[in-house]
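Here's the letter readout for the chains.
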Amino acid sequence: MKYLLVLPFALLASPAVAQSTSPADLLAQYSAEAGAEASAERGKELFMANHTGGKPDTPSCTTCHTADPKAAGQARTGKPIEPLAPSANPERFTDLKFVEKWFGRNCNSVLGRDCTAAEKADVLAWLASL
Amino acid sequence: MNFTPLLAIAAFALSGAALADEMEYMPPVTHAATQEECSACHMAYPAGFLPPQSWAVMMTTLEDHFGENATLDEATRADIEAYLVANAGRDRSKAGAAPLRISELPWFRKEHEEEVSKRQFEEAKSWANCNACHKQAERGIFEDD
């Protein structure tokens, strides 16, 4: 019965349509894939740093997400971006397909390559710690 | 006889509405995947704003979409391309050209130059942000607000 009540809200909740994972599950999954324990400190460094391998308009995660993941960001188009930290936005890291799509796009925009499982684990560990 | 003023008002209102529709309306996106994916970073622009060859190029260069990677899985990408091409606008460009930036099209520049103050633009941040000024843009209505 509880599920019947929750379902309509889950469907309305954009962009995550289906709850396929959680920050904790995803962190475990990426860490296992990396074969190493995640480091929130390394994740913060990667997130905050300016990189040179990617596209010139997006040198850092912070270009759009700002240096405060608990606050809203803004795309280069002017459109607001919901906060990344799960504590500020419970929808984050709950839809595996969505997470993979955006890691795929944004790592390539910022770094010019896919992120490794270890890097994803690190960034997620940091975001989940906030 | 009693109806005449009412009819006149109605006719005036209708012609006004028709004129506004003609000038400021572009049918909004009605395709679910296009609406979902193309509204992630900006509103899903109506297909009619670009000719078919533009959408074909746009949807095959998503790895560098105006300076960002906007790649999609192949099934979704092809689905969206088919919708945009099928619903594209008339080709007003020079032969062979495939303009990509709606904001650089002659009609767009003409409509916006001298209309948008510096402050308005700073608030919108980008020409991509139609909704900043056109509050009903998502519904295809681009009247001046």
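Below or above, wherever it landed, is the structure these notes cover. Because the structure is a prediction, the values reported are computed rather than measured.

Attention shifts here to the overall build of chain A. Within chain A, the secondary structure is distributed over six helices and two strands. In sequence order, the secondary structure elements of chain A are arranged as α-α-α-α-β-β-α-α. Taking all 130 residues of chain A together, the buried fraction comes to 39%. Restricting to contacts in chain A with at least 6 residues of sequence separation, those with at least 24 account for 56%.

So, on to the overall build of chain B. A count of helical and extended segments in chain B gives six helices and zero strands. Counting from the amino terminus, chain B carries its helices and strands in the arrangement α-α-α-α-α-α. Every one of the 145 residues in chain B was classed for burial, and the buried ones make up 32%. Taking as baseline every contact in chain B between residues at least 6 positions apart, the subset at least 24 positions apart corresponds to 60%. Surface exposure of chain B reaches about 9,300 Å², of which carbon and sulfur atoms provide 58%.

The next subject is the pattern of salt bridges. It is possible for side chains of opposite charge to pair when their charged atoms get near one another. Per the counting criterion, the structure on display carries 10 salt bridges over all chains. In this structure, the salt-bridge partner of D57(A) is R76(A), at a minimum N-O distance of 3.1 Å. One end of the pair, D57(A), is in the loop between α3 (40-48) and α4 (62-65); the other, R76(A), is in the loop between β1 (73-74) and β2 (80-81), with 19 residues separating them in the sequence. On the accessibility criterion, D57(A) (40% relative accessible area) is partly exposed. Overall, the relative accessible area of 28% leaves R76(A) in the partly exposed class. Across the pair K120(A) and E100(A) runs a salt bridge whose closest N-O atoms are separated by 3.1 Å. With K120(A) in helix α6 (residues 117-129) and E100(A) in helix α5 (residues 96-110), the pair connects residues that are 20 residues apart, well separated along the chain. Connected through salt bridges with shared partners, the residues D57(A), R76(A) and E68(B) form a single ionic network.

All names here are of chain A. Under the defined criterion, the tally for this structure stands at eight aromatic pairs over all chains. Between the aromatic rings of Y30 and F103, the centroid separation amounts to 6.1 Å while the plane-to-plane angle is 80°, which identifies the pairing as edge-to-face. Taken together, the positions of Y30 in helix α2 (residues 23-34) and F103 in helix α5 put the pair 73 residues apart, joining distant regions of the chain. One exposure class covers both Y30 and F103, and it is buried.

Our next topic: the side chain of R77(B). All names here are of chain B. Along the chain, R77 falls in helix α4 (residues 74-86). Separated by 2.9 Å, the side chain of R77 and the backbone oxygen of M59 make a polar contact. One polar contact links R77 to E81, side chain to side chain, over a distance of 2.7 Å. In contact with R77, other than residues within four places in its own chain, are M59, T60, L62 and L72.

So, on to unusual backbone geometry. Glycine aside, negative phi is the norm for most residues, and most peptide bonds take the trans geometry. All names here are of chain B. Even without a glycine there, the phi angle at F66 is positive, about 55°. Within the fold, F66 resides in the loop between α3 (52-58) and α4. According to the relative accessible area criterion, F66 is partly exposed, its value standing at 29%. Located in the positive-phi region is E114, a residue other than glycine, with phi close to 70°. Along the chain, E114 falls in the loop between α5 (106-112) and α6 (118-124).

All names here are of chain A. Across all of its chains, the model carries one disulfide over all chains by this definition. Each sulfur of the disulfide joining C107 and C115 lies 2.0 Å from the other. The sign of the S-S torsion, about -95°, decides the handedness of the disulfide formed by C107 and C115: left-handed. Accessibility assignment for this pair places C107 and C115 in one class, buried.

What follows deals with the interface of chain B and chain A. In this complex, chain B contributes 20 residues to the contact, which on the side of chain A involves 15 residues. Here chain B packs against chain A, burying approximately 1,500 Å² in sum over the two surfaces, 43% of which is carbon and sulfur. Between chain B and chain A we count two salt bridges in total. For E68(B), the salt bridge identified is with R76(A), shortest N-O distance 2.7 Å. Counting across the interface, chain B meets chain A through nine residue pairs in polar contact (both at pLDDT 80 or more). For the side of chain B that touches chain A, the class distribution of residues is seven nonpolar, seven polar and six charged.

Thresholds, definitions, all that
- Every residue gets a number counted from 1 within its own chain, in the order that chain's sequence is written.
- To read the labels, note that chains go from A and ligands from 1, taken in the order they are written.
- Per-residue local features of the predicted model are confined to residues with pLDDT of at least 70, and side-chain atom pairs are confined, for both listing and counting, to 80 or more; whole-chain, interface and lining totals are unaffected and use all residues.
- Hydrogen atoms and water are omitted, and side-chain values are computed over all heavy atoms in the structure.
- Starting at the N terminus, helices and strands are each numbered in turn, a helix being any DSSP run of H or I of at least four residues and a strand any DSSP run of E of at least two.
- The rule is simple: take the accessible area with a 1.4 Å probe, protein chains only, and divide by the maximum for that residue type; under 20% is buried, over 50% is exposed, in between is partly exposed.
- Here a residue-residue contact requires only that any non-hydrogen atoms of the pair lie within 4.5 Å.
- Only the protein chains shown count as cover for residues, and the accessible areas themselves come from Shrake-Rupley with a 1.4 Å probe.
- Any carboxyl oxygen of Asp or Glu within 4 Å of a side-chain nitrogen of Lys or Arg constitutes a salt bridge here.
- Here the aromatic set is Phe, Tyr and Trp, taking the six-membered ring for Trp, and pairing holds for ring centres within 6.5 Å; pairs whose planes are under 30 degrees apart are stacked, those over 60 apart are edge-to-face, and all others are tilted.
- In protein, a polar contact requires one atom able to donate a hydrogen and another able to accept it; more generally it is a pair of N or O atoms within 3.5 Å, and residues adjacent in sequence count only if both atoms are side-chain atoms.
- Our working definition of a disulfide is a cysteine sulfur pair at a distance within 2.5 Å.
- In short, buried area is how much 1.4 Å probe accessible area vanishes from two parts on joining, totalled over both.
- Each residue receives one of three labels: charged for Asp, Glu, Lys and Arg, nonpolar for Ala, Val, Leu, Ile, Met, Phe, Trp, Tyr, Cys and Pro, and polar for the others, Gly being one of them.

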